[in-house]
Amino acid sequence: MLFQLAEPAALLGILLAFVIGVFVHDAAQIFAARLARDPMPARSGRLTARLGTQRVSPFSWVGVLLGGAGWTEPIRMNDVWRRRRFHVTAALLAGPLAYALLALAALGGTRGLTELVLMVQGDRVAEIFGASFAIELLMWMAYTFASMCILSLVPVPPADGGRILFLLGPQTEGWRKAHYQLTERNIGVALLLAVVLLPVLFAGFPSVLGQLTLPLLRGLGSLIGLDLL
């Protein structure tokens, strides 16, 4: 995000999208868990308006402030019994789905203002060219929501994709050791930060988020008749 300091629409769009995305992500997972008859997430205190470390870690804020994308802290769910692993998986997937729907909503707002938006993925950051402040703001919100969706599916904890991988994976000693290393030693957090920050800090470094976010946005835009070039 530091590379957009001279762009008010980008700064505001990224921050708004991140805060909105965090709350909607948590609410979606809690609601889905309740449908699966798991009351534990609702008791986690994540339905409040607080944006503390229980919800967003300092490492995630670093990702947002430097790279424009972050993640939420995992919500505890009742995944003790293996027979409930598919219920928990469905609840976890509600988070990334919420991000995608938010991106679609932001694109829908853009579609009401224009039918064509030019987006360029450079070495470090994306560039969005709109005809007005409102269009650029909505597009940066959509881009951030889509980035959070992709990041949440990275198969390492604390991302939702990592939780699902180890939830559905084999219960062997090797997998348990790998889970311990990724969670208790924060190796998973380091990998998420690497995905977000390396393309921003080092020109020419391939951006996984950029390569996947733009196709996702173009696919969502095609659903509502918005062309993203």
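We now turn to the structure provided with this report.

Calculation criteria
- Residues numbered from 1 in each chain as written.
- Predicted model: local features only at pLDDT ≥ 70, side-chain atom pairs only at ≥ 80, totals over all residues.
- Heavy atoms only, no water.
- Helix = DSSP H or I, 4+ residues; strand = E, 2+ residues; numbered from the N terminus.
- Buried < 20%, exposed > 50% of the residue type's maximum accessible area, 1.4 Å probe, protein only.
- Contact = heavy atoms within 4.5 Å.
- Areas by Shrake-Rupley, 256 points an atom, 1.4 Å probe, with all protein chains shown as cover.
- Phe/Tyr/Trp six-rings, centres within 6.5 Å; stacked < 30°, edge-to-face > 60°.
- Lys, Arg positive; Asp, Glu negative; His and termini not counted.
- Salt bridge = Lys/Arg side-chain N within 4 Å of Asp/Glu carboxyl O.
- Core = buried A, V, L, I, M, F, W, Y, C linked by side-chain atoms within 4.5 Å.
- Expected span 1.5 Å × (residues − 1).
- Polar contact = N/O pair within 3.5 Å; in protein donor to acceptor, adjacent residues only side chain to side chain.

Some details on the overall build of the protein chain
Here is step 1 of the chain: When you go through the protein chain residue by residue, the secondary structure sums to 8 helices and 3 strands.
Here is step 2 of the chain: Listing the helices and strands of the protein chain from first to last along the sequence gives α-α-α-β-β-α-α-α-α-α-β.
Here is step 3 of the chain: With 229 residues in all, the protein chain has 46% of them scored as buried.
Here is step 4 of the chain: A sequence separation of at least 24 residues applies to 71% of the contacts in the protein chain between residues at least 6 apart.
Here is step 5 of the chain: Of the roughly 11,000 Å² of accessible surface on the protein chain, a fraction of 67% belongs to carbon and sulfur atoms.

A few points about the side chain of Thr 144
Here is step 1 of the chain: Looking at the element boundaries, Thr 144 is found in helix α4 (residues 133-152).
Here is step 2 of the chain: Filtering out sequence-adjacent residues up to four positions away, Thr 144 remains in contact with Gly 13, Ile 14, Ala 17, Phe 18 and Gly 68.

Some words on the packing of aromatic side chains
The geometry of an aromatic ring pair comes down to the distance between the two centres and the angle between the two planes.
Here is step 1 of the chain: Overall, the coordinates contain 3 aromatic pairs when judged by the stated rule.
Here is step 2 of the chain: On the numbers, 5.1 Å between centres and 65° between planes, the contact of Phe 18 with Trp 61 is edge-to-face. Taken together, the residues Phe 18 in helix α1 (residues 8-35) and Trp 61 in helix α2 (residues 58-67) connect sequence positions 43 residues apart.
Here is step 3 of the chain: Given a relative accessible area of 25%, Trp 61 falls into the partly exposed group.

Side note on the side chain of Asp 38
Here is step 1 of the chain: Take Asp 38: it is sitting in the loop between α1 and α2.
Here is step 2 of the chain: Arg 84 provides the closest opposite charge to the buried, salt-bridge-free Asp 38, at an N-O distance of 4.3 Å.
Here is step 3 of the chain: If we ignore the near neighbours within four places in the chain, the residues touching Asp 38 are Ala 33, Met 77, Asn 78 and Arg 84.

Concerning the nonpolar core
Here is step 1 of the chain: Core analysis: the largest hydrophobic core is formed by 30 residues, its most contacted members being Leu 107, Phe 145, Leu 217 and Leu 228.
Here is step 2 of the chain: Those elements that provide at least two residues to this core are α1, α3 (85-111), α4 and α8 (208-223).
Here is step 3 of the chain: With 11 residues, α4 is the largest single contributor of residues to this core.
Here is step 4 of the chain: Counting 13 residues, the second largest nonpolar core, distinct from the first, contains Trp 71, Val 156, Val 196 and Leu 209.

Considering helix α6 (residues 173-184)
Here is step 1 of the chain: With 12 residues, α6 extends 16 Å from end C-alpha to end C-alpha; this agrees with the ideal 16 Å at 1.5 Å per step.
Here is step 2 of the chain: The first or second residue beyond α6 is Asn 186, which carries a positive phi of 60°.

Overview of the pattern of salt bridges
Here is step 1 of the chain: Tallying each qualifying case throughout the model produces 3 salt bridges.
Here is step 2 of the chain: Of the charged contacts, one joins Arg 46 and Asp 26 as a salt bridge, the two residues approaching to 2.9 Å between their closest N and O atoms. With Arg 46 in the loop between α1 and α2 and Asp 26 in helix α1, the pair connects residues that are 20 residues apart, well separated along the chain.
Here is step 3 of the chain: Residue Arg 46 is classed as buried on the basis of its relative accessible area, which comes to 4%.

Focus on the environment of Ser 132
Here is step 1 of the chain: Within the fold, Ser 132 resides in the loop between β2 (126-129) and α4.
Here is step 2 of the chain: A polar side-chain atom of Ser 132 sits 3.3 Å from the main-chain amide nitrogen of Ile 135.

A short note on the environment of Val 19
Here is step 1 of the chain: In this structure, Val 19 sits in helix α1.
Here is step 2 of the chain: In sequence terms Val 19 and Leu 51 are 32 residues apart; their C-alpha atoms lie 8.2 Å from each other.

Quick notes on unusual backbone geometry
Here is step 1 of the chain: Look at the link from Pro 157 to Pro 158: it is a cis peptide, with omega at 15°.
Here is step 2 of the chain: Positionally, Pro 158 belongs in the loop between α4 and α5 (160-168).
Here is step 3 of the chain: One non-glycine residue with positive phi stands out, namely Asn 186, at about 60°.
Here is step 4 of the chain: Along the chain, Asn 186 turns up in the loop between α6 and α7 (187-201).

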